[in-house]
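# Structure at a glance
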Amino acid sequence: MATVSATAQDGGISRREFLFYIWGASIALFTLQSTGLLVWFLIPRFREGEFGGRFWITPSDLPEVNAPPANFPNGRFWMVQLDSDQPNDRMELAQDESNRIKGVAAIYTVCTHLGCIYDWVPSNNRFECPCHGSKYRLDGRRIESPAPRDLDRFKIEAYAEDRVTLLGEAELVNDFYEPLELPDGTAFLSIDTGDRRQGLVQRLICDFVGNCP
Ligand code: FES
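From a predicted model like this one, the values you see are computed outputs, not experimental measurements.

Basis of the calculations
Residues numbered from 1 in each chain as written. Predicted model: local features only at pLDDT ≥ 70, side-chain atom pairs only at ≥ 80, totals over all residues. Heavy atoms only, no water. Pairing = 2+ DSSP bridges. Helix = DSSP H or I, 4+ residues; strand = E, 2+ residues; numbered from the N terminus. Core = buried A, V, L, I, M, F, W, Y, C linked by side-chain atoms within 4.5 Å. Buried < 20%, exposed > 50% of the residue type's maximum accessible area, 1.4 Å probe, protein only. Patch = residues over 30% accessible without salt bridge, like charges linked within 9 Å, V, L, I, M, F, W, Y side chains within 5 Å. Areas by Shrake-Rupley, 256 points an atom, 1.4 Å probe, with all protein chains shown as cover. Salt bridge = Lys/Arg side-chain N within 4 Å of Asp/Glu carboxyl O. Disulfide = S-S within 2.5 Å.

## Overview of the sheet that holds strand 8 (residues 142–144)
By definition, the strands of a sheet pair up through backbone hydrogen bonds, in either a parallel or an antiparallel sense. Overall, antiparallel pairing links the four strands, which are arranged 5-6-7-8 in an open sheet. Of all strands in the sheet, those bounded by a partner on one side alone are strand 5 (119–121) and strand 8. Where strand 6 (residues 126–128) meets strand 7 (residues 135–136), two bridges bridge the pair, whose relative direction is antiparallel. When the bridges of strand 7 are listed, Glu-128 appears paired with Lys-135.

## Structural notes on the nonpolar core
With 19 residues, the main nonpolar core has Ile-57, Phe-77, Met-79, Ala-106, Ile-156 and Ile-191 as its most contacted residues. Elements with a contribution of two residues or more to this core: strand 1 (54–57), strand 2 (70–72), strand 3 (77–83), strand 4 (102–108), strand 9 (153–159) and strand 13 (188–197). By size, the runner-up hydrophobic cluster in this structure holds 17 residues, among which are Met-91, Ile-107, Cys-129 and Leu-138.

## Examining a nonpolar patch on the surface
A contiguous nonpolar surface patch, about 580 Å² in accessible area, is contributed by Ile-13, Phe-20, Tyr-21, Trp-23 and Ile-27. Along the chain, Tyr-21 falls in helix 2 (residues 15–42).

## Points about unusual backbone geometry
Of all residues except glycine, most have a negative phi; of all peptide bonds, most are trans. With omega at 25°, the peptide bond leading from Ser-145 into Pro-146 counts as cis. A positive phi is found at Asn-125, a non-glycine position, where the angle reads about 55°. Relative accessible area serves as the criterion here: at 17%, Asn-125 is assigned to the buried category. In this model, Arg-163 sits at a positive phi of 60°, which is unusual for a non-glycine residue. Its place among the elements puts Arg-163 in the loop between strand 9 and strand 10 (166–169). Judged by relative accessible area, which is 36%, Arg-163 ranks as partly exposed.

## A closer look at the state of the cysteines
Scanning the model with the defined rule gives two disulfides in all. Residue pairing for Cys-116: its cysteine sulfur links by disulfide to Cys-131, the two sulfurs lying 1.9 Å apart. Residues Cys-116 and Cys-131 share a disulfide whose torsion about the S-S bond is about -95°; that sign makes it left-handed. Of this pair, Cys-116 sits in the loop between strand 4 and strand 5 while Cys-131 sits in the loop between strand 6 and strand 7, and the two are 15 residues apart along the sequence. Bridging Cys-206 to Cys-212, the disulfide has an S-S length of 1.8 Å. Measuring handedness by torsion sign, the sulfur bridge of Cys-206 and Cys-212 sits at about 95° and is right-handed. Cys-206 gets classed as buried once you look at its relative accessible area, which sits at 2%. Going through the protein chain in sequence order and numbering each bonded cysteine, the pairs you get are 1-2, 3-4.

Note that every value here comes from positions in space, so none of it alone points to a role or purpose.
Printed below as a string of structure tokens:
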């Protein structure tokens, strides 16, 4: 007590005051941290036009039907427009496919084997991975392994001119996005690179022609 009184008389702070200030500072720090966490949680993690967010394109950005794909490197996707009823060297049904493949798809640019960036090879009319030789058809189905599955796809939505009215969206079948047939009046397409679905595990196309390496 003699010490406290002396301290108070000296104009310093007492032990009790010191503990009070520490306690107050702890509460303030905790409140600041909680607020920061809440703000971090509430703001979108990815912005539009940034990988992990949404990309807007127009139908004029799309390649022709069964033409070589259009690359969108910022979004890490290829856009393809497919119609198996107009077969060519790039797109025709395999022997185990009976349903028409028609519409647009957004394909992730990363190989499903070990994550290399594959490319479209015009002379061979297919996607090819330089790392270990996986090959994929225009719609992303595996032609040759070692890739364990078809290429992944992103969600696509079709919007009217106001970019608010939703006209259609890619359907999920077996948790994988089917190509989207563009509804009449489509003025914009939204590609959601935050919504990626893993490619299917289907038989290799090379199996049907017996030329798998
Ligand atoms: S990473 Fe593409 S084949 Fe291995």
